[in-house]
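Structural features, examined
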Amino acid sequence: MELFVSEGNPHCLKVLAALEVTGVQCSVQYVNHEERVVPFLSRPTLPALILPGGLHLFSSNAICRYLFEVSGQESSELCNQWLEWEATDLQPALLQALYMAVLQGKGSEVSTVLQGPLNFLDQSLSKGGTPYLTGEAVSVADVVLWAALYPVLSDSSQALGEHKSVNGWFDRVASVHSCLSAAQKVLQGKGLQGMKSYMQRQPAPQSSQGRNTQPCNCNPAEGEEGERAFSEEELEAAILNWSKGLSTSPLATDRQHPILPQEGKRNILLTSALPYVNNVPHLGNIIGCVLSADVFSRYGRLRGWNLLFVCGTDEYGTATENKAREEGLTPQLICDKYHAVHASIYKWFQIDFDFFGRTTTEKQTEIAQNIFWRLHNNGFLVEDTVEQLRCEHCQRFLADRFVEGICPHCKYPEARGDQCDKCGRLINAVELREPQCKVCRQTPVICSSKHLFLDLPKLETQLEQWLEKSTSSGDWTTNAKQITRSWLRDGLKPRCITRDLLWGTPVPHPDFTDKVFYVWFDAPIGYLSITANYTDEWEKWWKNPHQVELYNFMAKDNVPFHSVVFPCTLLGAQDNYTLVSHLVATEYLNYEDTKFSKSRGVGVFGDMAKDTGIPADVWRFYLLYVRPEGQDSAFSWADMALKNNSELLNNLGNFINRAGMFVTKFFEGCVPVMELQQEDKKLLALVGWELQQYIQLMDKVKIRDALKHILNISRHGNQYIQVNEPWKNIKGGDTERQRAGTVTGVSVNIACLLSVMLSPYMPEVSQTIRDQLNAPQSCVNTMLQGNGTFVCSLCAGHRIGTVSPLFQKLEADQIEALKKRFGGQQPEDEPSKEKTPQSAASSQPAAVPAPAAAVEVVTVNGVDPEKAKQLTQAVAEQGDKVRALKAQNAEKAVITAEVAKLLDLKKQLALAEGKSPEPAPQKGKKKK
């Protein structure tokens, strides 16, 4: 095992303390804070533990739990609860406290921030009656909490108040010499100041108060918001909104094309990053661009904004030429083929573009060449000679993607001509060692070629002035601002806008007739040309900065081209172009614990999703639930099943179905009369508050966070039904029956509100709910206006339609089959009965357990030293995998399946060593 840590990182203090306490043998490497240890994560993450089988752990608590597991100390349920509390309650308060003490010099305010968590910890230790958190001995929970608190509790300048139980516990853990040794290694005896370098690299924490709650696995929102108190004025306001009824304003009509800016309206031009035509988009591509943009565009229309949503396929460039060669087609035929594939995928995912175009059009040539000449005439283009690789066999210059070789930085043998996939460093193709043409595998030669460059340094001042205004007034995601600042911090350099290719927009300059525009100059202009193919009046959108707000949606790797390169292009053209007002960038979505790979068959790609039998709306829901807004996230089959079965089926679907069924069953399909009591008024105020939070977050494009408020409302509704038991009250006297009617009427109105809030996320389900409730169309117009208004939209006497379940359970065997199907290329397992005992044992890969039937027929004397060696390694790796899953608190079913594989491998190992496998546990004797 290898453990990577950095000095001054408080999370590394935890894992080093755990390593010292457990005595586990592990190589420790100290690296700088910016070191990328985990290859599939897009940003540096420390600490990181690399297991012998290549698995990575990069959560400090998971690493600590793993080390204790390896040493034979399993985590108890109470231990896991304390670790959960540390991560969700203590850490946010600690990070804020450290930020204030280390960087802001506000050490005197630290006690206020930490008072709540320390009080709770003190009370828990006092009541527990044991020297440590979980009993008589030090556990992983003690080590993690001690290490987390060490920087502040060990600093004599921090007056944190009297917490006798905490101080006693802290000293007892500190008496374990290995803990203090770890602290010395990380902080170097400098105390809080030893963390300054690390803290300077962290984003400023959100101001928050430590929650004084017990450790538990419940939904935090559920615990906090369910107890929200409302004043009499707030309750009265909620009742006033409820009684307003539906809006009498004209109903929203179908969109009239072409959509153009209108006076007096909020005019929004919304673009999604143009997907490369030759790639079938995977789930990460879909959530990063088109799905996020679709949700916001649907929401904007519900809010009454005048909105145009355009996108299309990016079709020029090296990638298309390469794909055409692979498939033996012309570039145009490749574009035609894959444009249709993209359009079909987005249609299935219900992406509601106003226009989905492409870049291989006459409008693209016309507009790109016009911008080029304006830049040329305004003095923002410069000529320079560039050294490039040329393949004499293919008789052409090699674009970055047509060459690969050995990375000059990390020695990776398959680095591309623009970037190394292993170390992530940018590369100039001529720097590659032993370069090869990817087409013919011949060695290219270095030749010179004259090119045109956009003079970014000359535009830098204009760009900075515009950025200052746009980032301060618009909704730019934090990563978009950070990436942009990093480009500016290093100073801008001229950027090449031409390429030696055939497939691209021709450069109109007479000295460069053998060149085309480089894709990153050409592709963003596609937004303009696609709009121009939608309407001849495209300039009303793209040359109207005072009346139009431009939203760009993309993954973070596209940020510099939308925040620096393309704005400089439009600023240099000096033609009153509309520049981006709001740049919305996601982090990356990974697949399980790795990257998506079409060639290796890893991950779900857009054309495969519909073949899984899972509805498009469920895919939309889960991708939006795990949308990588602030950090990278991962698609997980187990988690998707869990969220479907818990949030959609048991929470949201259960509430909506129960509300509708009560109307049908108890009140003959008509909404009953509602006489509101204090409890009902509190619920209306709570639901109204959740609606307002939803709108505030959606307005700021916090799509994932807003979704949680929808689920909160259905949770409140389920609790309301459960407490009031209308199925019992309906059998009682008049008072009880009236109460049942009120609860049913309020619930079915909440269901109607949920249908509106769900509309941007799950459009088909949303419409199904309104159809089942026979809800008036005007409910869509009313609820999301202003700050949000929860009104009674289904009045007494309203007749609903036929109610039926909205969601289906995803079964464990179904999910396991899908996980295997999309888990990558695996050798086919032949039926064991067709193999001889020897072939059954020897043909099975070491890391994959052979079928049990094969084990049973292998003779005890069949010793196979080579096989035993392989299986010993496989057992060790599988054991690491099981411990890693336990450390990460994986689902019990997942752990059980991996444990079964481990036991099977151990049986095979015993057989290969000539031993009898462990006998199966005997069943209990039958009762006489």
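What you see is a predicted model; the values in this text were computed from it and never measured.

**Quick notes on the overall build of the protein chain**
Helix and strand counts for the protein chain stand at 34 helices and 20 strands. When burial is assessed residue by residue, the protein chain has 54% of its 928 residues classed as buried. Long-range contacts, defined here as pairs at least 24 residues apart, represent 77% of the contacts in the protein chain between residues at least 6 apart.

**Thoughts on the packing of aromatic side chains**
The way to describe two aromatic rings as a pair is by their centre distance and the angle between their planes. Tallied over the full model, the rule gives 37 aromatic pairs. Centre to centre, the rings of Phe 635 and Trp 637 are 5.0 Å apart; their planes meet at 85°, and the pair counts as edge-to-face. Accessibility expressed as a relative area gives 0% for Phe 635, which makes it buried. The exposure class of Trp 637 is buried, given its relative accessible area of 0%. The ring of Trp 305 carries Arg 266 above its face, with NZ or CZ at 4.4 Å from the centroid.

**What to know about the sheet that holds strand 9 (residues 396–397)**
Where strands meet in a sheet, backbone hydrogen bonds hold them as pairs that are either parallel or antiparallel. Ordered in space as 9-8-13-14, the four strands form an open sheet in which the pairing is antiparallel. At either margin of the open sheet sits one strand with a lone partner, and together these are strand 9 and strand 14 (495–496).

**Notes on the environment of Val 548**
When you line up the elements, Val 548 lands in strand 17 (residues 548–555). Distance from Val 548 to Leu 579, taken between C-alpha atoms, is 9.3 Å for residues 31 residues apart in sequence. Residues contacting Val 548, with those up to four places away along its chain left out, are Pro 261, Asn 267, Leu 269, Lys 540, Trp 541, Thr 578 and Ser 581.

**Digging into unusual backbone geometry**
Put simply, Leu 46 and Pro 47 share a cis peptide bond, and its omega is 0°. Within the secondary structure, Pro 47 is located in the loop between strand 2 (27–30) and strand 3 (48–50). A cis amide bond, omega 0°, links His 257 with the succeeding residue Pro 258. Take Pro 258: it is sitting in the loop between helix 10 (232–244) and strand 5 (267–272).

**Structural notes on the sheet that holds strand 11 (residues 415–416)**
Read from one edge of the open sheet, three strands run 11-10-12, paired in antiparallel fashion. At either end of the open sheet lies a strand with only one pairing partner, and these are strand 11 and strand 12 (433–437). Examined bridge by bridge, strand 10 (residues 403–406) and strand 11 share two bridges and lie antiparallel to one another. Residue pairing for strand 11: Glu 404 is matched across the bridge by Arg 416.

**Notes on the packing of helix 14 (residues 362–377) against helix 18 (residues 525–534)**
Between two packed helices, the angle of one axis relative to the other and the distance separating the axes together describe the packing. Running from N to C, helix 14 and helix 18 cross one another at 130°; their axes reach a closest spacing of 9 Å. Looking at the two axes, helix 14 sits oblique to helix 18. Classified by chirality, the crossing of helix 18 by helix 14 is right-handed. Every residue of helix 18 that contacts helix 14 at Lys 363, Gln 364, Ile 367, Ala 368 and Ile 371 is listed here: Ile 525, Gly 526, Leu 528, Ser 529, Ala 532 and Asn 533. For the contact of helix 14 with helix 18, the residue count by class is six nonpolar, four polar and one charged.

**A look at helix 24 (residues 678–699)**
Between its terminal C-alpha atoms helix 24 stretches 32 Å, which fits the 32 Å expected from 22 residues at 1.5 Å a residue. Two residues or fewer after helix 24 comes Val 701, characterised by a positive phi angle close to 60°.

**Quick notes on the pattern of salt bridges**
Side chains that differ in charge, positive against negative, can pair when their charged atoms come close. The final tally for this structure, using the stated rule, is 34 salt bridges. A salt bridge links Arg 266 to Glu 549; the shortest N-O distance between them is 2.8 Å. One end of the pair, Arg 266, is in the loop between helix 10 and strand 5; the other, Glu 549, is in strand 17, with 283 residues separating them in the sequence. In this structure, Arg 303 engages Asp 699 in a salt bridge whose closest nitrogen and oxygen atoms are separated by 3.0 Å. Of this pair, Arg 303 sits in the loop between helix 11 (283–302) and strand 6 (306–313) while Asp 699 sits in helix 24, placing them 396 residues apart in sequence.

**Some thoughts on the state of the cysteines**
For the structure shown, the criterion picks out zero disulfides. Just so you know, Cys 752 is unpaired, no disulfide at all, and the nearest cysteine sulfur is the one on Cys 779, 3.9 Å from it. Looking at Cys 752, the relative accessible area reads 0%, which means it is buried.

**Brief notes about the packing of helix 5 (residues 140–153) against helix 6 (residues 164–174)**
Between helix 5 and helix 6, the least distance of the axes is 10 Å, while the angle of their chain directions is 105°. As the angle between them shows, helix 5 and helix 6 are arranged roughly perpendicular. Along its contact with helix 5, which presents Asp 142, Leu 145, Trp 146, Leu 149, Tyr 150 and Leu 153, the element helix 6 presents Val 166, Trp 169, Phe 170, Val 173 and Ala 174. Its residues assigned to classes, the contact of helix 5 with helix 6 shows 10 nonpolar, no polar and one charged.

**Re a negative patch on the surface**
Taken together, Glu 232, Glu 233, Glu 234 and Glu 236 make up a surface patch of like negative charges. Its place among the elements puts Glu 234 in helix 10. Residue class for Glu 234 comes out partly exposed when judged on its relative accessible area of 39%.

**Focus on the environment of Glu 232**
Topologically, Glu 232 is positioned in helix 10. As a C-alpha pair, Glu 232 and Lys 681 span 449 residues in sequence and 10.0 Å in three-dimensional space.

**Considerations on the pairing of strand 6**
For strand 6, the tally of buried residues reaches eight of eight residues, placing the bulk of the element in the interior. The side-chain alternation of strand 6 yields two buried faces, one formed by Asn 306, Leu 308, Val 310 and Gly 312 and the other by Leu 307, Phe 309, Cys 311 and Thr 313. Where strand 5 lies against strand 6, five bridges are found, and the strand directions are parallel. Bridge pairing in strand 6 places Leu 269 opposite Leu 308. Direction of pairing for strand 6 relative to strand 7 (residues 355–358): parallel, over a ladder of four bridges. Note that in strand 7 the partner of Thr 313 across the bridge is Arg 358.

**So, the nonpolar core**
Grouped together as the largest cluster of nonpolar side chains are 178 residues, with contacts concentrated most on Ile 371, Trp 619, Trp 637, Tyr 694 and Tyr 761. Here this core spans two domains, since at least three of its residues come from each of domain 2 (267–370 + 491–586) and domain 3 (650–799). Those residues in contact with Ile 371 that lie beyond four places of it in its chain are Phe 521, Ile 525, Leu 528, Thr 569, Leu 570, Ala 573 and Tyr 577. Counting 74 residues, the second-largest nonpolar core is a separate cluster that includes Leu 16, Leu 98, Tyr 99 and Ala 182.

**Observations concerning helix 4 (residues 110–128)**
Helical geometry: 3.6 residues make up each α-helical turn, so side chains three or four residues apart lie on a common side. Between its terminal C-alpha atoms helix 4 stretches 27 Å, which fits the 27 Å expected from 19 residues at 1.5 Å a residue. Along its length, helix 4 reaches its greatest deviation from straightness, about 40°, at Gly 116, and the proline Pro 117 lies no more than four positions downstream. Every buried residue belonging to helix 4 is among Val 110, Ser 111, Val 113, Leu 114, Gly 116, Pro 117, Leu 118, Phe 120, Leu 121, Asp 122 and Leu 125, and all of these are buried. On its buried face, helix 4 is in contact with helix 3 (77–103), helix 5 and helix 6. With its phi angle positive at about 70°, Gly 129 sits one or two positions after the end of helix 4.

**Regarding the side chain of Ser 60**
With respect to the secondary-structure elements, Ser 60 resides in helix 2 (residues 60–70). Looking at Ser 60, the relative accessible area reads 10%, which means it is buried. Sequence-distant contacts of Ser 60, defined by excluding residues within four places in its chain, comprise His 11, Lys 14, Val 15 and Pro 47.

**Focus: the environment of His 409**
Structurally, His 409 is set in the loop between strand 10 and strand 11. Relative accessible area serves as the criterion here: at 35%, His 409 is assigned to the partly exposed category. Here the alpha-carbon distance between His 409 and Leu 432, two residues 23 residues apart in the chain, equals 9.4 Å.

Analysis parameters
- Residues numbered from 1 in each chain as written.
- Predicted model: local features only at pLDDT ≥ 70, side-chain atom pairs only at ≥ 80, totals over all residues.
- Heavy atoms only, no water.
- Helix = DSSP H or I, 4+ residues; strand = E, 2+ residues; numbered from the N terminus.
- Buried < 20%, exposed > 50% of the residue type's maximum accessible area, 1.4 Å probe, protein only.
- Contact = heavy atoms within 4.5 Å.
- Phe/Tyr/Trp six-rings, centres within 6.5 Å; stacked < 30°, edge-to-face > 60°.
- Lys NZ or Arg CZ within 6 Å of the ring centre and 35° of its normal.
- Pairing = 2+ DSSP bridges.
- Axes fitted to C-alpha atoms, helices over the stretch in contact; angles between N-to-C directions.
- Parallel < 35°, antiparallel > 145°, perpendicular 65-115°, else oblique.
- Left-handed = near helix turned anticlockwise from the far one by under 90°.
- Nonpolar A, V, L, I, M, F, W, Y, C, P; charged D, E, K, R; others polar.
- Expected span 1.5 Å × (residues − 1).
- Salt bridge = Lys/Arg side-chain N within 4 Å of Asp/Glu carboxyl O.
- Disulfide = S-S within 2.5 Å.
- Patch = residues over 30% accessible without salt bridge, like charges linked within 9 Å, V, L, I, M, F, W, Y side chains within 5 Å.
- Areas by Shrake-Rupley, 256 points an atom, 1.4 Å probe, with all protein chains shown as cover.
- Lys, Arg positive; Asp, Glu negative; His and termini not counted.
- Charge placed at Lys NZ, Arg CZ, Asp CG, Glu CD.
- Core = buried A, V, L, I, M, F, W, Y, C linked by side-chain atoms within 4.5 Å.
- Domains from an automatic or database assignment.
- Bend = angle between axes of the 7 residues up to and from the residue.

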